[in-house]
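The residues making up each chain are set out below.
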Amino acid sequence: MRHYLLGGSPETLTALRTRIAVDQPEAVVAGACSPPFRPLTAAEKAEIYEDIRACGAQIVWVGLGTPKQDFEAREVARALGVTAVAVGAAFDFAAGLKPEAPQWLQGSGLEWGYRLATEPRRLWRRYLFGNARFLGMVARHLADRGRDATARPWEVTTR
């Protein structure tokens, strides 16, 4: 499999490629791109897509931050016919640049609390507003399911 890394800083991508080469020497990182931290122009996006296409990547790992990476992963997959995976802060963790939460926290569902404690200035808005919005959507979904006997638990509706 040929992999492409999309996101992170140039320093993060360098460290990540080095770590992958050491830990997984059989892995082929065919290309990488650290796009600017702003909306891309159509020409910049086309250039990145051409780079992905030209290197023959089959999997594109997208680490652009939520929710931008989710939209971009979907767009890359549709435009290029490759598998694209949104990976959040995994580039920083895998490169060894940011500490991961302790193992017991990772399994508890509370890893977000550790991340918030280690990067409060960057993450407080995401967790305060994002988590509140998510909980509101879950509550609405459960309330709607209670009113609709034909609702299926895997169907989430948004308004």
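Quick notes on the rules
Residues numbered from 1 in each chain as written. Predicted model: local features only at pLDDT ≥ 70, side-chain atom pairs only at ≥ 80, totals over all residues. Heavy atoms only, no water. Buried < 20%, exposed > 50% of the residue type's maximum accessible area, 1.4 Å probe, protein only. Helix = DSSP H or I, 4+ residues; strand = E, 2+ residues; numbered from the N terminus. Pairing = 2+ DSSP bridges. Right-handed = clockwise from strand over helix to strand, strands pointing away. Axes fitted to C-alpha atoms, helices over the stretch in contact; angles between N-to-C directions. Contact = heavy atoms within 4.5 Å.

Trainee: Would you mind going over the pairing of strand 1 (residues 2–7) with me for this structure?
Mentor: Remark: a regular strand shows side chains that alternate across the two faces of the sheet. Within strand 1, five of the six residues are buried, which leaves the element mostly enclosed by the surrounding structure. Both strand 1 and strand 2 (residues 28–33) contribute to a ladder of five bridges, which runs parallel. Directly across from Tyr 4, in strand 2, lies its bridge partner Gly 31. Between strand 1 and its parallel partner strand 2, the chain crosses via helix 1 (residues 10–23), and the hand of that crossover is right-handed. Sheet topology places strand 1 next to strand 3 (residues 59–63); five bridges connect them, and they run parallel. Bridge pairing in strand 3 places Gly 7 opposite Gly 63.

Trainee: Which parts of the structure should I look at to understand the sheet that holds strand 1?
Mentor: Strand pairing in a sheet takes place through backbone hydrogen bonds and is either antiparallel or parallel in direction. Taken in spatial order, the four strands of this open sheet run 2-1-3-4, and their pairing is parallel. The sheet is open, and its two borders are formed by strand 2 and strand 4 (83–86), each paired with just one other strand. Each adjacent strand pair in this sheet contributes to an overall mean axis angle of 20 degrees, direction not counted. This element, helix 1, spans strand 1 and strand 2 of the sheet and lies at about 175 degrees to strand 2. Here helix 3 (residues 68–80) sits on the sheet and contacts strand 1, strand 3 and strand 4; the angle it forms with strand 4, its principal contact strand, is near 175 degrees.

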